Every structure is written in C-alpha cells, then in structure tokens.
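Breakdown of the fold
This is what each chain is made of:
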Amino acid sequence: MPGQPVLVPFVEMKLEGEQEPYFANVLTLDNVAYLIYDLTQDFKVVCEQLLSVTRGGMPPEAGRIELSKEWMKLASEQAADAFRDLEAISSSLERSR
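Our focus in this paragraph is the overall build of the protein chain. When helices and strands are counted, the protein chain shows two helices and two strands. Counted from the first residue to the last, the protein chain has its helices and strands arranged as β-β-α-α. Its C-alpha atoms give the protein chain a radius of gyration of 19 Å, clearly above 13 Å, the size a compact globule of 97 residues would have. Contacts in the protein chain between residues far apart in sequence, at least 24 positions, make up 6% of those at least 6 positions apart. Roughly 8,800 Å² of accessible area belongs to the protein chain as shown, and the carbon and sulfur atoms make up 61% of that amount. Looking at the protein chain, you have 9 positive and 16 negative side-chain charges, and the mean spots of the two groups are 6 Å apart.

Structure below.
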C-alpha cells in the first residue's frame, strides 16, 4: 500500500582474514542473496575446471577437497533453511495483500 512503512532488512557482511577483513560492508537482504548466488556460481565453475584437471592425472590436495566439501555441505543446508524462511515471509506477504 502506498505510504505504508516497510522494513528494509540490512545484513552486515564480513569475510574475515588473519589481520583484517577481506570484505566488510552492510548490504540489503536482496544484495546479500545476489552475492551468495554470484559466489556459488563462480565456485561451481572453479569446481568444474578442477574436475577436468584431476581427470588429467593431477590430483588436488585431498584434505582441502574434504574441507571444501564440508563447508559447501554446511552452506547448502544454511541456504536451504534461509530459502524456506524467505518462502514463508513471501507467503505471509501475499496473504496480507
């Protein structure tokens, strides 16, 4: 409804390094969602390229692959939970119209 106040959610994004953040910013929720999408899309391309290289006989460090798998598993679970929450929010907005 025009003139009705709305909540614009912001998220503090910080990628920590050993001494200082690699990235620190406050973004709107939709921009964070896009950033996550963009990062995972780039990560997928890197994994596809790495798979091609490993098929050529050059194996990557197994420990890093296992750790990467674990982080991506956790990330996919968190992303799925966040998506369910966004779907619930979207549904409640549709019902209130």
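Taken together, the side chains of Val6, Val8, Phe10 and Val26 define a hydrophobic patch exposed on the protein surface, amounting to about 410 Å² of accessible area. Its location among the elements puts Val8 in the segment before β1 (10–15).

Right, let's get into the pattern of salt bridges. In a structure, side chains of opposite charge can pair up when their charged atoms sit close to one another. Counted by the stated rule, this structure contains six salt bridges. With its nearest N and O atoms 2.4 Å apart, the salt bridge here joins Lys44 to Glu48. In this pair, Lys44 and Glu48 both sit in helix α1 (residues 29–55), four residues apart, roughly one turn of the helix. The partly exposed category is assigned to Glu48, whose relative accessible area is 43%. Here Arg64 makes a salt bridge to Glu61, at a shortest N to O gap of 3.0 Å. In this pair, the class of Arg64 matches that of Glu61, namely exposed.

Let us now look at the environment of Ala24. Mapped onto the fold, Ala24 is located in strand β2 (residues 23–28). A sequence separation of 16 residues divides Ala24 from Val8, and the C-alpha atoms of the two residues are 19 Å apart. Other than its neighbours up to four places away in sequence, Ala24 contacts Met13 and Lys14.

Scoring rules and cut-offs
- Residues numbered from 1 in each chain as written.
- Predicted model: local features only at pLDDT ≥ 70, side-chain atom pairs only at ≥ 80, totals over all residues.
- Heavy atoms only, no water.
- Helix = DSSP H or I, 4+ residues; strand = E, 2+ residues; numbered from the N terminus.
- Rg over C-alpha atoms; globule rule 2.2 N^0.38 Å.
- Contact = heavy atoms within 4.5 Å.
- Areas by Shrake-Rupley, 256 points an atom, 1.4 Å probe, with all protein chains shown as cover.
- Lys, Arg positive; Asp, Glu negative; His and termini not counted.
- Charge placed at Lys NZ, Arg CZ, Asp CG, Glu CD.
- Patch = residues over 30% accessible without salt bridge, like charges linked within 9 Å, V, L, I, M, F, W, Y side chains within 5 Å.
- Salt bridge = Lys/Arg side-chain N within 4 Å of Asp/Glu carboxyl O.
- Buried < 20%, exposed > 50% of the residue type's maximum accessible area, 1.4 Å probe, protein only.

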